[in-house]
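As a plain string of letters, each chain reads:
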Amino acid sequence: MSVTSSSEQSEIENDDSSIDYIGTHEVLECQEGELEAGLDVHTQKCNKPHDGFIPIQDLSTQHFPPGYHNDDLLEFTKTLAELTVKIDVKFISNDRPKLTPITREPYPFYHARADLNTMTSEEDLSIHFKGAHEVLECLEGQGEVDLHTHWANCRKNPDHKHFIPVNNLSLEYFPPDYRENDIYDFTKAISDLTVRIAITFASPDRPEFVQDTDEPYPCYQIRDKHVLRTGTGKVCRVTKHTEGMDGHNTCPCPECKHPNTPSKIWWEVVVLTASHVVYDDSEARQSSCRLWFDEENCPIVNIHGWKVVGFHTVGDVCELSCTTHDEELCCKLQEMLLRENGLFQKLSDKYKCRKDVDKLTIIVSHPHGCSKQVSIGFWVHRQVYQQLMGKATSYTYTASTCPGSSGAMVYRLGYSWPAHPHSGANSGGLNYSGSGGWDFNRL
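What comes next is a walk through the structure. Values in this document were obtained by computation on a predicted structure and should not be read as measured data.

1. Some thoughts on the overall build of the chain
Here comes step 1: Within the chain, the regular secondary structure consists of eight helices and 16 strands.
Here comes step 2: The proportion of buried residues among the 443 residues of the chain is 43%.
Here comes step 3: Within the structure as shown, the chain displays about 24,800 Å² of accessible surface, and the carbon and sulfur contribution to it stands at 51%.

2. Brief notes about the environment of Y279
Here comes step 1: Here Y279 is to be found in the loop between β6 (266–273) and α6 (281–284).
Here comes step 2: The exposure class of Y279 is partly exposed, given its relative accessible area of 21%.
Here comes step 3: Separated by 32 residues in the primary sequence, Y279 and F311 have C-alpha atoms spaced 8.6 Å apart.
Here comes step 4: For Y279, the residues in contact, after removing those within four places along its chain, are S203, D205, R206, P207, Y217 and T313.

3. Some thoughts on the pairing of strand β10 (residues 360–365)
Here comes step 1: Where burial is concerned, most of β10 is hidden: six out of the six residues are buried.
Here comes step 2: Here β10 shows no split at all, with L360, I362 and V364 on one side and T361, I363 and S365 on the other all buried.
Here comes step 3: Relative to strand β13 (residues 410–412), β10 runs antiparallel, the two sharing three bridges. The residue bridging I362 from the neighbouring strand is Y411, located in β13.

4. Regarding the state of the cysteines
Joining two cysteines, a disulfide is a covalent bond between their sulfur atoms.
Here comes step 1: Scanning the model with the defined rule gives zero disulfides in all.
Here comes step 2: The thiol of C289 is not disulfide-bonded; the next cysteine sulfur, from C322, is found 3.8 Å away.
Here comes step 3: Since its relative accessible area comes to 0%, C289 is described here as buried.

5. Here we look at the pattern of salt bridges
When the charged atoms of two side chains lie near each other, side chains of opposite charge can form a pair.
Here comes step 1: Throughout the structure, instances matching the rule amount to 11 salt bridges.
Here comes step 2: Close ionic contact of D294 with K372 constitutes a salt bridge, the shortest N to O distance being 2.9 Å. Of this pair, D294 sits in the loop between β7 (287–291) and β8 (301–312) while K372 sits in the loop between β10 and β11 (373–387), and the two are 78 residues apart along the sequence. Both residues of the pair, D294 and K372, belong to the buried class.
Here comes step 3: In this structure, a network of salt bridges that share partners links the residues R206, R229 and E283.

6. Observations concerning unusual backbone geometry
Here comes step 1: Its identity is not glycine, yet H160 carries a phi of approximately 50°, on the positive side.
Here comes step 2: As for its position among the elements, H160 is in the loop between α4 (147–152) and β3 (164–165).
Here comes step 3: For D224, which is not a glycine, the phi torsion comes out positive at approximately 65°.
Here comes step 4: With respect to the helices and strands, D224 occurs in the loop between β4 (194–199) and β5 (229–241).

The rules behind the values
Residues numbered from 1 in each chain as written. Predicted model: local features only at pLDDT ≥ 70, side-chain atom pairs only at ≥ 80, totals over all residues. Heavy atoms only, no water. Helix = DSSP H or I, 4+ residues; strand = E, 2+ residues; numbered from the N terminus. Buried < 20%, exposed > 50% of the residue type's maximum accessible area, 1.4 Å probe, protein only. Areas by Shrake-Rupley, 256 points an atom, 1.4 Å probe, with all protein chains shown as cover. Contact = heavy atoms within 4.5 Å. Pairing = 2+ DSSP bridges. Disulfide = S-S within 2.5 Å. Salt bridge = Lys/Arg side-chain N within 4 Å of Asp/Glu carboxyl O.

And the structure:
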């Protein structure tokens, strides 16, 4: 048992040396979205002098103070070095305290806790989910041949250096911790189902503002006009229809509308996109989806829009129904869906326990209406919305997008399936999604 005399206790209580143990903690905090390759920047910009540091491979007895130039001390220091590790932490616990228990100093990273990225109040993070939507709107009179002009004149990403042509994709483009064949294969599977959407009409019913905000709604100024615009979507369902099924005795496509013998067997391909890309049925009927547009000179394979079969304007989510008689094409799409679902489930099971740590985000889109591109980054903020049937979520992320990327699916490693279509770019340099998990208005 240890006993402290009254004089010793008094000395401890009056000792003000604790001031020497108050200051700035020295864990390195990187910026949101910053990768391993960016650590050298912190070394270059450091305000503390580095002249007291010795690279371990250069260490010798001469670096020790006079009187301590001995081999045993050198050997001991090198043994310590061999057991010293760098610790990378990619998640901040919700349980971090606000203040240190004794000194009442601010505790590191309290203001970056995970729960600040999952707030349920729509006011807390809403500033991150406002900005320019990224449907590509062409000028009146412009057409398909003018899309490369938009690419060349892009102001957001002039050199497009963070976009990867899908046919060039390899493991080396992924961050070092994610260079896995399953992640690569899943990205290619997403690509196989990603489509470029072209719409040539803007509905007269487009609102002037985004619901409950003063933000301008896309394409309001061109409503009731025939002007080309492009976005991105992803095939999510393929269904074969026969006479009498779902109340349709014959195919509803334009080719079968007037002939005396319309087809009684047809296929429906449902494409998931953003509601600001395809707003209603009048726009759906003036839309087409180009499949497998992987490079500029590839064959043109289009399916034509028919109607909107599901939507949520607040969540900025839309299901566009397309029709075709091409059974071979639809069987191919069904096989691709099965492959994507299998890979998704495999990755979801593997990473679900680390989903808020890894935060890897993958987008496949058609920027500027041109050929398919892959962009890779990390999600930064998550906004949670309460609704009757559960929760809906939106995300911000660093994966690159451009006009024409609206409606592309935003995949977050380890998360379950609710779709998050890309919606726009905010003023802080991040991109943001529509909401996944909303209860669709089924039509």
